[in-house]
Amino acid sequence: MKSFLDKYDTVIFDMDGVITSEQNYWNCAALVVSEFFSSKKYNGQTDIDAAEISRDVKRIRREIFGENDEFISLVKNRGVNSNWDLGYVRILIAEIVGSISIEKAVEYAEGLSDNILYLYEALAKTAQPSLGRPLDEVERNGSLWVELRDCFQEWFLGDKLFKEQYGRDPVQTGKPGLVNSEQPIIPMNALKRLLSELSQSKRVCIGTGRPGAEIISPLTSWNVLDYFAENGRCTYDNVAAVEKKYGMTLSKPHPYMFLKALYGTDYDDKKIINGDYDRLKIANTLIVGDAGADILAAKTMGADFCAVLTGVNGKAARTYFEELESEYILDSAADLL
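Computed from a predicted model, the values in this text were never measured in an experiment.

(A) Focus on the overall build of the protein chain. Within the protein chain, the regular secondary structure consists of 16 helices and six strands. Scaling as 2.2 N^0.38, a compact globule of 337 residues should have a C-alpha radius of gyration of about 20 Å, and the protein chain matches this with 20 Å. Referenced to the eigenvectors of the C-alpha coordinate spread, the extents of the protein chain come out at roughly 55 × 40 × 35 Å. For the protein chain, with 337 residues in total, the buried portion stands at 55%. Taking contacts inside the protein chain between residues at least 6 apart in sequence as the whole, the part at least 24 apart equals 65%. Carbon and sulfur atoms make up 46% of the accessible area of the protein chain, which totals about 14,300 Å². Distance between charge centres in the protein chain, computed from 38 positive and 51 negative side chains, equals 2 Å.

And the structure:
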């Protein structure tokens, strides 16, 4: 292993862009935006040929997010970590500028602050007249956001897994489920060797915005799940539960997710929120991520950060991570070996 790893007894991995690929998630988000503007489903009807649309996903993604995913890069660098939010923000901006045009969307996004998370309420208020729905429905976690999340899950999971996870049939059937084509972002043999060697001397953890089932499934199929500490796997499910309980936003770049993985998913949430934990453990913790939300969360909690250049901006992200004083920058997680 890299010699700098000797300093740490805990390594926490973000997943998408680090271990798992976000390509299918970005495809899903593009399909959600396209379906929102083209389908009558939002008027209570189902009228799309899901299988045919899924075969055209590359063109749709270019139209929604840009030839080189410019929109994704912009908002990811401004703190949008959830791919559910990626589609939601794209739709709000389209409503605000009065067009689905990617050029207008990019121009508008370029004028937003460095942390879009704090602008969700303002974006919802601005988009609400065009959407013609009550503001509480348009706001994040309102009924519009829930509809878009469910639509995303339909595309990602497919009919069978969606019903198993949510206990109901999808609104729009016939979606093939992009989860079935998942591959790790680094070569499989390198991934297995990396996790095997790390877990021999360190507690290896997960801090991901994915729901539990959506990260457990690929890690299990790749035979690497057991390398991660069982009480060190913090997912969106943990965040959603505590947000509902305490009525606050705790998604990255808030450090809750990494703290929960570090101290254990069985550690009291109130203590984490109140800062009631052994801070000395943070000095021996390394967080590995690919996005702005990851390094901002790490810096907020005081942990060292290892940036990997396998995210949406690739090697072009190096300057960004240098400016934020990432302790380490590697081409990929495989370079930890």
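(B) Fine view of helix α5 (residues 83–97). Over its 15 residues, α5 extends 21 Å from the first C-alpha to the last, a length consistent with the 21 Å expected when each residue adds 1.5 Å. Of all 15 residues in α5, 13 are buried; the element is thus mostly enclosed. Of the residues flanking the start of α5, the one acting as N-cap is S82, its side-chain oxygen 3.1 Å from the backbone nitrogen of W84. One or two positions beyond α5, positive phi appears at G98, with a value near 75°.

(C) Here's a closer look at helix α12 (residues 236–246). Turning to α12, its buried residues are Y236, N238, V239, V242 and E243. Along the axis of α12, the buried positions cluster into a sector of 155°, meaning they face one direction only. The exposed residues of α12 that point more than 90 degrees off its buried face are K244 and K245. Buried-residue contacts for α12 involve α5, α9 (143–166), β3 (233–234), α13 (256–263) and α14 (269–274).

(D) Local environment of the sheet that holds strand β2 (residues 203–207). Across the sheet, six strands lie side by side as β3-β2-β1-β4-β5-β6; this open sheet has parallel pairing. The sheet is open, and its two borders are formed by β3 and β6 (328–330), each paired with just one other strand. In this sheet, β2 lies alongside strand β1 (residues 10–13) in parallel orientation, the contact comprising four bridges. Across the sheet, the residue bridging to V11 is V204, located in β2.

(E) Representation of the side chain of E214 in the model. By the element assignment, E214 lies in helix α11 (residues 212–221). No salt bridge is formed by the buried E214, whose closest oppositely charged neighbour, R210, lies at an N-O distance of 5.7 Å.

(F) Local environment of the pattern of salt bridges. Scanning the entire structure with this criterion turns up 24 salt bridges. E63 is the salt-bridge partner of R59, the closest N and O atoms lying 2.7 Å from each other. Separated by four residues within a single helix, R59 and E63 lie in helix α3 (residues 57–65), roughly one turn from each other. Across the pair E197 and R193 runs a salt bridge, and its minimum N-O distance is 3.1 Å.

(G) Inspection of the pairing of β2 at higher detail. The buried fraction of β2 amounts to four of the five residues, a majority that puts the element mostly inside the structure. Note on the crossover from β2 through α11 to β3: the handedness is right-handed.

(H) Representation of the packing of aromatic side chains in the model. Counted by the stated rule, this structure contains 14 aromatic pairs. Relative to Y267, the ring of Y263 lies with its centre 5.6 Å away and its plane at 40°, an arrangement referred to as tilted. You can call Y267 partly exposed: its relative accessible area is 23%. Here the aromatic residues F4, Y8 and Y328 are joined through ring pairs into a cluster of three or more. If you follow R90 out to its NZ or CZ, it ends over the ring of F71, 5.5 Å from the centre.

(I) Up close: the packing of α13 against helix α15 (residues 292–301). Running from N to C, α13 and α15 point in directions that differ by 65°, and their axes come no closer than 9 Å. Facing α13, whose interface residues are F258, L259 and L262, α15 presents D294, A297, A298 and M301. Residue composition of the contact of α13 with α15, by class: six nonpolar, no polar and one charged.

(J) Structural view of the nonpolar core. Membership of the largest hydrophobic core comes to 51 residues, with the highest contact counts inside it found for F65, F71, L86, F152, W155 and F156. Contributing elements (two or more residues each) for this core: α1 (23–38), α3, α4 (70–76), α5, α6 (102–110), α7 (120–131) and α9. Ignoring any residue separated from it by four or fewer positions in sequence, one finds F156 in contact with N24, Y25, C28, G177, L178, V179, E182, R210 and E214.

(K) Geometry of the environment of E322. Structurally, E322 is set in helix α16 (residues 318–323). A relative accessible area of 45% places E322 in the partly exposed class. With 15 residues separating them in the primary sequence, E322 and A307 have C-alpha atoms 9.4 Å apart.

(L) Structural view of unusual backbone geometry. In this model, K252 is joined to P253 through a cis peptide bond whose omega is 20°. The phi angle at D69 is positive, at roughly 60°, despite the residue not being glycine. Within the secondary structure layout, D69 lies in the loop between α3 and α4. A positive phi angle is found at N141, which is not glycine, with a value near 75°. What makes N141 partly exposed here is its relative accessible area of 44%.

Quick notes on the rules
Residues numbered from 1 in each chain as written. Predicted model: local features only at pLDDT ≥ 70, side-chain atom pairs only at ≥ 80, totals over all residues. Heavy atoms only, no water. Helix = DSSP H or I, 4+ residues; strand = E, 2+ residues; numbered from the N terminus. Rg over C-alpha atoms; globule rule 2.2 N^0.38 Å. Buried < 20%, exposed > 50% of the residue type's maximum accessible area, 1.4 Å probe, protein only. Contact = heavy atoms within 4.5 Å. Areas by Shrake-Rupley, 256 points an atom, 1.4 Å probe, with all protein chains shown as cover. Lys, Arg positive; Asp, Glu negative; His and termini not counted. Charge placed at Lys NZ, Arg CZ, Asp CG, Glu CD. Expected span 1.5 Å × (residues − 1). Polar contact = N/O pair within 3.5 Å; in protein donor to acceptor, adjacent residues only side chain to side chain. Arc of directions from axis to C-beta. Pairing = 2+ DSSP bridges. Salt bridge = Lys/Arg side-chain N within 4 Å of Asp/Glu carboxyl O. Right-handed = clockwise from strand over helix to strand, strands pointing away. Phe/Tyr/Trp six-rings, centres within 6.5 Å; stacked < 30°, edge-to-face > 60°. Lys NZ or Arg CZ within 6 Å of the ring centre and 35° of its normal. Axes fitted to C-alpha atoms, helices over the stretch in contact; angles between N-to-C directions. Nonpolar A, V, L, I, M, F, W, Y, C, P; charged D, E, K, R; others polar. Core = buried A, V, L, I, M, F, W, Y, C linked by side-chain atoms within 4.5 Å.

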